[in-house]
Amino acid sequence: MKRLVILTVVLALFAVPCHGQRRTRAPRRKVVQLTEPNVTGAMSLEEALASRRSVRSFSNQPLKWAQIGQLAWAGQGITDPQRGLRAAPSAGSVYPIELFFVTQEGVFVYRPAEHSLEQLTDQDVRMALVRDGKAQDSVAEAACNIVVAGSVRKLSERFKEKARNYMLMEAGHIAQNIQLQAVCLGLGSVTVGGFDTRGVRKVCGLTRGLEPIYVICVGYPAGEGAAETAGAGAAGKKAALIIASQNYHDAELFDTKRVLDAAQVQTFIAGPRRGVTRGTLGGVAESTVLANRLAVNDYDAIIFIGGPGATEYFTNPAALNIAREAVRSGKVLGAIGIAPTILANANVLAGIRATSLLTEQQRLVQAGAIYTGFAVERERQIITATGPEAAVLFGRAITEALAGR
Ligand SMILES: Cc1cc2nc3c(=O)[nH]c(=O)nc-3n(C[C@H](O)[C@H](O)[C@H](O)COP(=O)(O)O)c2cc1C
């Protein structure tokens, strides 16, 4: 794994429609030309076997293309170019499996013949895999999820009733290769079989003939080494988390705060009055700052937490001024759940890509926001999120913005 690898990203125009998505005009698709795989790794197979263990919690450090390329090669790379044979065995060399890489940069399909990744979308759908694909949280945390999808049809003519078994066996071979390669790269991984097939297919934009079999989460194990670098640089920054007098959404507050705390951001809870307040699920938080006296300049980030109670800020002049002042002075401004409506009412979302709980969509649109409905949106220093299921990613986006990324 020592050789330096160089990446070339080729922007190309493709006239073909992308996987299962209709387009009215040719989309501009990114193709990532991966560099030659390393075939002289430092770790022995025995060491890799001995140290492989399922890892389900990951840091937010992204993977390099070279690492992703190495994983792709281990799973489906061509190892015998003359005969077109690949790293994993395949019944009759039919190769019914395709690998899809889901990262913060979008969804990519691996093209073994070119050893390249073709981008299907530039949207980060990891959270959607959890929400709509009913996959576990590890999927939202992992820097890279490899969706192993197979076409039983490709095998059925030749292998009849054995086709499906063969397809699943092949997926197992590929997954094992990828997990062992991950170990050699110093990465953690888990093979996830528990998800909603239709949901994952839809989120990744796969054609109906392709069945998602596995989602392999790969990333740096949480809390290891340089793992927290994505939030590094945010340490010591100050964030005010503004909650309602009651009925803030617990997860929106606590999950966001946990991510900020982990990045050593100093967090301050602000509310309409000082003291203990309860969330909708009974969680307890203590406000130490009065929201209507909050001095925006004392903080690097201002974050409005949602939950039914947050409506009290919708037309509150002090809250709206805080949002405006935050934008004027270039602070990071965040809002989650229903709270993006506060930003909409403060007139700071015009022309900005934003998201929120679906109930608020109209309000955001009326305020001129470009509503996307994605789990988390960031445009410039304004970060919005859909709700509790997006709180961890919301927290990460805030720490990255605080770190100047
Ligand atoms: C077919 C299959 C499906 C699996 N599905 C999941 C899953 O949905 N979620 C998960 O966390 N782990 C899943 N695993 C990982 C197992 O839980 C894990 O391999 C097992 O606990 C043994 O631990 P080890 O991998 O560290 O040796 C799956 C493993 C296999 C082989």
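All of these numbers come straight from a predicted model, not from anything done at the bench. Each residue is numbered by its place in its chain's sequence as written, counting from 1. A pLDDT threshold of at least 70 governs which residues receive local features in this predicted model, and a stricter bar of 80 or more applies before side-chain atom pairs are shown or counted, although totals over entire chains, interfaces and linings include all residues. The side-chain figures draw on all heavy atoms in the structure; neither hydrogens nor water molecules are used.

**Considering the domain arrangement of the chain**
Basically, it comes down to this: Each domain span listed reflects an automatic or database assignment of domains. The contact criterion used throughout is that any non-hydrogen atoms of two residues lie within 4.5 Å. In this description, buried area is defined as the sum, over both parts, of the accessible area (probe of 1.4 Å) that is lost when the two are combined. Any Lys or Arg side-chain nitrogen found within 4 Å of a carboxyl oxygen on Asp or Glu counts as a salt bridge. Pairing of N or O atoms within 3.5 Å defines a polar contact, subject to two protein rules: one partner must be a possible hydrogen donor and the other a possible acceptor, and residues neighboring in sequence count only if both atoms are side-chain atoms. Under the DSSP-based scheme used, a helix requires at least four consecutive residues in state H or I and a strand at least two consecutive residues in state E, with every element numbered from the N terminus. Note that Gly is not counted as nonpolar here; it falls among the polar residues with everything else outside the nonpolar set of Ala, Val, Leu, Ile, Met, Phe, Trp, Tyr, Cys and Pro and the charged set of Asp, Glu, Lys and Arg.
One can read the domain layout of the chain as domain 1 (8-219) and domain 2 (232-402). Look at where the C-alpha atoms of domain 1 and domain 2 centre, and you get two points 35 Å apart. The interface of domain 1 with domain 2 comprises 7 residues on the first partner and 8 residues on the second. Carbon and sulfur atoms make up 53% of the surface buried where domain 1 meets domain 2, a total of about 820 Å² over both sides. Ranking the residues of domain 1 by area buried against domain 2 places N60, Q123 and M127 at the top, with a combined share of 58%. Run the count over domain 1 and domain 2 and you get 0 salt bridges. If you look at where domain 1 meets domain 2, you find 0 residue pairs in polar contact (both at pLDDT 80 or more). Looking at the side of domain 1 that touches domain 2, the elements with two or more residues in it are α3 (126-131) and α4 (138-141). Residue composition of the side of domain 1 that touches domain 2, grouped by class: 3 nonpolar, 2 polar and 2 charged.

**A word on the nonpolar core**
Just so we agree on the cut-off: As used here, the term nonpolar core means buried Ala, Val, Leu, Ile, Met, Phe, Trp, Tyr and Cys residues forming a set that is joined through side-chain atoms within 4.5 Å. Residue burial is assigned from relative accessible area. The probe radius is 1.4 Å, only protein chains are included, and a residue is buried under 20% of its type maximum, exposed over 50%, and partly exposed in between.
Counting 55 residues, the largest nonpolar core has F100, L253, I303, I305 and I398 as its most contacted members. Two domains each put at least three residues into this core: domain 1 (8-219) and domain 2 (232-402). Apart from the residues lying within four places of it in its own chain, the contact partners of I398 are T256, L260, A301, I303, V332 and I383. One finds I302, A310, I338 and I352 within the second-largest nonpolar core, a separate group that totals 35 residues.

**Description of the packing of aromatic side chains**
We count it as follows: Any pair of Phe, Tyr and Trp rings, taking the six-membered ring for Trp, is counted once the centres come within 6.5 Å. Such a pair is stacked with planes under 30 degrees apart, edge-to-face with planes over 60 apart, and tilted for the rest. In our convention, an over-ring charge means Lys NZ or Arg CZ found within 6 Å of a ring centre and within 35 degrees of that ring's normal.
The full count for this structure, using the stated rule, is 5 aromatic pairs. Relative to F254, the ring of Y248 has its centre 6.3 Å away and its plane inclined at 75°; by these criteria the two rings are edge-to-face. Its relative accessible area of 0% is what places Y248 among the buried residues. Given the relative accessible area of 30%, F254 is considered partly exposed. In this structure, R86 packs its charged tip against the face of Y95, placed 4.2 Å from the ring centre.

**So, the pairing of strand β6 (residues 106-111)**
In plain terms, the rule: Paired strands, in this sense, are two strands between which DSSP finds at least two bridges.
Counted residue by residue, β6 has 5 buried out of 6 residues, so it is predominantly covered. Where strand β5 (residues 97-103) lies against β6, 4 bridges are found, and the strand directions are antiparallel. From the neighbouring strand, F100 faces β6, where its bridge partner is V109. In this structure, the hairpin formed by β5 and β6 is closed by a connection of 2 residues. For β6 and strand β7 (residues 116-121), the ladder comprises 5 bridges, and the chain directions are antiparallel.

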